[in-house]
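So the chains spell out like this:
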Amino acid sequence: MVRTVTASRRTPRPLGVAVLATLVACQFPRMLAAQAPVRTSDPWTLSHEDAPLVPLPAHLAVAGGDMAKPLWPTSQLAIAGSLAIGALAIAPFDGRWTRALQSPSYQDNMALHRGAVTLRRLGDPGALLLSASVYAAGRLARRDGLADAGWHATEAVMAGGRTTLALKAIVGRQRPYAAQGTDADEFRFGRGYRSDYASMPSGHTTVAFAAAAAFGAELSRSHHAAARVVTPLLYTTAAGVGASRLYNNKHWASDVLIAAGIGHAVGRTLVAIAHRGQRH
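A short tour of the structure in this document, coming up. (Residues numbered from 1 in each chain as written. Predicted model: local features only at pLDDT ≥ 70, side-chain atom pairs only at ≥ 80, totals over all residues. Heavy atoms only, no water.)

1. Points about the overall build of the chain
- Assigned secondary structure in the chain consists of 11 helices and 4 strands.
- The 280 residues of the chain split such that 45% are buried.
- In the chain, of all internal contacts separated by at least 6 residues, the share reaching a separation of at least 24 is 76%.
- In the structure as shown, the chain presents an accessible area of about 14300 Å², 62% of it carried by carbon and sulfur atoms. (Helix = DSSP H or I, 4+ residues; strand = E, 2+ residues; numbered from the N terminus. Buried < 20%, exposed > 50% of the residue type's maximum accessible area, 1.4 Å probe, protein only. Contact = heavy atoms within 4.5 Å. Areas by Shrake-Rupley, 256 points an atom, 1.4 Å probe, with all protein chains shown as cover.)

Next up, the structure:
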C-alpha cells in the first residue's frame, strides 16, 4: 500500500496529476480539431492530395478559414482551470468537511437524505436518460435543433464518463467511507478499478456537469434569453449532484471539483467542435 504525505503537511501529489489531466482534457479536443481536414465544395466529402474521397459527417466538416479560431473563449478555459486549481486549494479540508457531513445532525435529516437520493439519480442515470430523451423527442418532433442538443449532450455524458473511469483507474484514491473519513491521502495507483479506491474523480458529478455544459452551450447558440435563465439552473443542479456525493460519503470535496472541471470541459468542447464553422 502506497501512502502519500498527509494533508496537514502538503497537498497530495496525485491531486496535482488529476488537475493536469483536467487541463489536458480541456485542450485535447481542441488539438484534435486543429488537425481536422478542410471542407471541399461537397460537405459530405473531403479530399487529400494522395487519398481518395472519404465520407465526413456534416457537423465535422468545417471551413478552412475557421480552423484558426479558438474552440473556447478565454472565460471558458478560466472556469475549467479554476475548478481544477480550486481542488488543490480545498484538498487540506477534505477530511474535515467529510466528517462534518457525516454527523447525525445531517445524516438523520430525512429531507436532506431524500434530496441526496434524488440528486444522485439525476446524475446517474439521469444525465444520460435526459440527454437521450431530448434527442429522441427532437427526432420524433422533427426539430433538428432539439435533436442536435440532445445528441451532443449524450456524447458529452458518454465521453465524460469514459474519461472519469480512466482517471479513477489511474489515480486509485480511497473513498471516504473506506477511509472512515480520516485519511484523504490514501492512494493505490493503478488500482482504481476497485470500488473502494475509485474516489477521484466523481463520475456522477462529471456526467452531470457534462450534460449541463452541453445543453447550456447549445442554448446560448439558439436561445440567448432562455440560456441566461436555464443555464444557471442546469449548473446548480449539477452542483447539487456533486453535493449529494459528499453527503453520501462517496467522494471527497476535491474529487467533486475536479469532476466538475472535467464535465464542463468535455461538454463545452464537444459542442464547440460540432458547430465549428457554422454561423449562429
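2. Structural notes on the packing of aromatic side chains
- Using the criterion set out here, one finds 4 aromatic pairs in the structure.
- With centroids separated by 5.6 Å and ring planes inclined at 15°, the aromatic side chains of Phe93 and Trp97 adopt a geometry described as stacked.
- For Phe93, a relative accessible area of 31% corresponds to the partly exposed category.
- Considering the side-chain rings of Tyr135 and Trp151, the 5.3 Å spacing of their centres and the 50° angle between planes classify their relative orientation as tilted. Of this pair, Tyr135 sits in helix α6 (residues 126-140) while Trp151 sits in helix α7 (residues 144-171), and the two are 16 residues apart along the sequence.
- Judged by its relative accessible area of 29%, Tyr135 falls in the partly exposed class. (Phe/Tyr/Trp six-rings, centres within 6.5 Å; stacked < 30°, edge-to-face > 60°.)

3. Focus: unusual backbone geometry
- Geometrically, the link from Asp124 to Pro125 is a cis peptide bond, its omega value of 15° lying close to zero.
- By the element assignment, Pro125 lies in the loop between α5 (110-123) and α6.
- Met200 connects to Pro201 through a cis peptide bond whose omega is -10°.
- With respect to the helices and strands, the residue Pro201 is situated in the loop between β4 (186-187) and α9 (203-222).
- The phi dihedral of Arg142 falls on the positive side, at around 60°, and the residue is not glycine.
- In this structure, Arg142 sits in the loop between α6 and α7.

4. Description of α9
- Between its first and last C-alpha, α9 extends 29 Å over 20 residues, near the 28 Å set by a 1.5 Å rise per residue.
- The buried count for α9 comes to 16 of 20 residues, which makes it a mostly enclosed element. (Expected span 1.5 Å × (residues − 1).)

In short, shape yes, function no, at least from these values alone.
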